[in-house]
Amino acid sequence: MTNDIDSRDRRIINALQRDGRADVLDVAERTNLPATTVQKRLKHLTETDIITGYESRIDYGQLGYELTVIFKIDVNGPVDGFMHDLRNDPHVVSLYEITGEFDVLAIGTFPDTATMNERIRTILSSPDIRAGRTNIVTNTVRENDPVEIEEAEPTRGND
């Protein structure tokens with residue numbers, strides 16, 4: 001379902017994606033909208049869960065988490081319980097239920113190979129797992145960049 005937002009909402013969202021710490025006055029200046037309009041629209045966007053939070057982007061490597069691992073997992077039966085366990089794993093930074101050969105894609109970050117190996121063994125030895133593959137990221141080219149929210153294409157009636 002697509003929420004009914006207009007170009008002003010899109011401009012506000014895009015400004016916040018570029019700088020989530022921007023205050024109402026900054027967003028107003030960047031979007032050429034009155035601050036009161038920005039404030040009212042931010043309240044609405046938050047209340048309708050279009051904006052669900054404001055987060056920092058962390059460079060885990062600078063904190064000693066040098067290894068990023070992609071787990072592709074084929075689960076025996078329903079994935080709900082397994083997803084719950086991974087959601088609570090402190091090393092898992094992204095978690096997706098997917099289609100195709102595997103059911104789950106998880107991305108984890110680790111400070112060293114010993115910690116990574118222990119976690120991989122634990123995950124892949126679970127009785128909930130039918131098969132799994134792991135890949136170590138060798139170079140992060142692009143990560144968590146915002147998607148520019150564009151105007152919706154106008155719909156055409158039957159001619």
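Residues numbered from 1 in each chain as written. Predicted model: local features only at pLDDT ≥ 70, side-chain atom pairs only at ≥ 80, totals over all residues. Heavy atoms only, no water.

### Concerning the sheet that holds strand β2 (residues 92-97)
To keep it simple, the criterion reads: Strand pairing follows a simple DSSP-based rule, namely that at least 2 bridges must link the two strands. Strands are runs of DSSP state E lasting at least two residues, helices are runs of H or I lasting at least four, and both sets are numbered from the N terminus onward. Between the N-to-C directions of two axes lies an angle of 0 to 180 degrees, each axis being a line fitted to C-alpha atoms and, for a helix, fitted only over the stretch in contact.
The sheet built from four strands is open, its strands ordered β2-β3-β1-β4 with antiparallel pairing. Both edges of this open sheet fall to β2 and β4 (129-136), since each of them pairs with a single strand only. Between one strand axis and the next, the sheet turns through 15° on average, direction left out of account. The pairing of β2 with strand β3 (residues 104-110) spans five bridges and is classified as antiparallel. Across the sheet, the residue bridging to Y96 is L105, located in β3.

### Topic: helix α3 (residues 35-47)
Note the threshold: A helix is expected to span 1.5 Å multiplied by its residue count minus one. Relative accessible area decides the class of each residue, using a 1.4 Å probe on protein chains only: under 20% of the type maximum gives buried, over 50% gives exposed, and in between gives partly exposed. Directions drawn from the helix axis to the C-beta atoms are what define this arc. Contact definition: two residues touch when any of their heavy atoms are within 4.5 Å.
Over its 13 residues, α3 runs 18 Å from end to end, which matches the ideal 18 Å to within 8%, given 1.5 Å per residue. Taken residue by residue, α3 has V38, R41, L42 and L45 as its buried positions. Buried positions in α3, seen along its axis, are confined to an arc of 105° and lie on one side of it. Counted as exposed and oriented over 90 degrees from the buried face of α3: T36, Q39, K40, K43 and E47. Taken together, the buried residues of α3 touch α1 (7-18) and α2 (24-31).

### A look at helix α4 (residues 80-87)
Every α-helix carries 3.6 residues per turn, so stepping three or four residues along brings you back to the same face. Taken together, the buried positions of α4 are F82, M83 and L86. The buried residues of α4 all sit within an arc of 100° when viewed along its axis, so they share a single face. Exposed and oriented more than 90 degrees from the buried face of α4 are D80 and R87. Each element contacted by the buried residues of α4 is listed here: β1 (67-75), β2, β3, α5 (113-124) and β4.

### Some details on the nonpolar core
Worth spelling out the cut-off: The definition of a nonpolar core used throughout is a set of buried Ala, Val, Leu, Ile, Met, Phe, Trp, Tyr and Cys residues joined through side-chain atoms within 4.5 Å.
Counting 17 residues, the largest nonpolar core has F71, I73, F82, L86 and V104 as its most contacted members. Going through the elements one at a time, β1, α4, β3 and α5 are the ones with two or more residues in this core. Of the residues forming this core, the biggest block, five residues, is contributed by β1. Those residues in contact with F71 that sit more than four places away from it in its chain are V104, L105, A106, G108, F110, I120, I123, R133 and T134. By size, the runner-up hydrophobic cluster in this structure holds 13 residues, among which are L16, A22, L42 and L45.

### Brief notes about the confidence of the model for the chain
Heads up, the condition is: Confidence of the predictor at the level of single residues is given by pLDDT, which spans 0 to 100.
For the chain, per-residue confidence averages 89 on the pLDDT scale, and residues scoring 70 or more make up 93% of the total. Mean pLDDT across the elements of the chain bottoms out in α4 (88) and peaks in α2 (96).

### Section: the packing of aromatic side chains
Aromatic ring pairs: the centre-centre distance and the angle between the two ring planes describe each pair. To be explicit about the condition: Under the pairing criterion, centres of Phe, Tyr and Trp rings, with the six-membered ring standing for Trp, must be within 6.5 Å; the plane angle then separates stacked pairs below 30 degrees from edge-to-face pairs above 60, leaving the rest tilted.
Taken as a whole and assessed by the stated rule, the structure comprises two aromatic pairs. With centroids separated by 6.3 Å and ring planes inclined at 75°, the aromatic side chains of Y60 and Y65 adopt a geometry described as edge-to-face. Of the residues examined, Y65 reaches a relative accessible area of 32% and is grouped as partly exposed. Ring centres of F71 and F110 lie 6.4 Å apart, and the angle between their planes is 75°; on these two criteria the pair is classed as edge-to-face. With F71 in strand β1 and F110 in strand β3, this pair connects stretches of sequence that are 39 residues apart. With a relative accessible area of 1%, F110 lands in the buried category.

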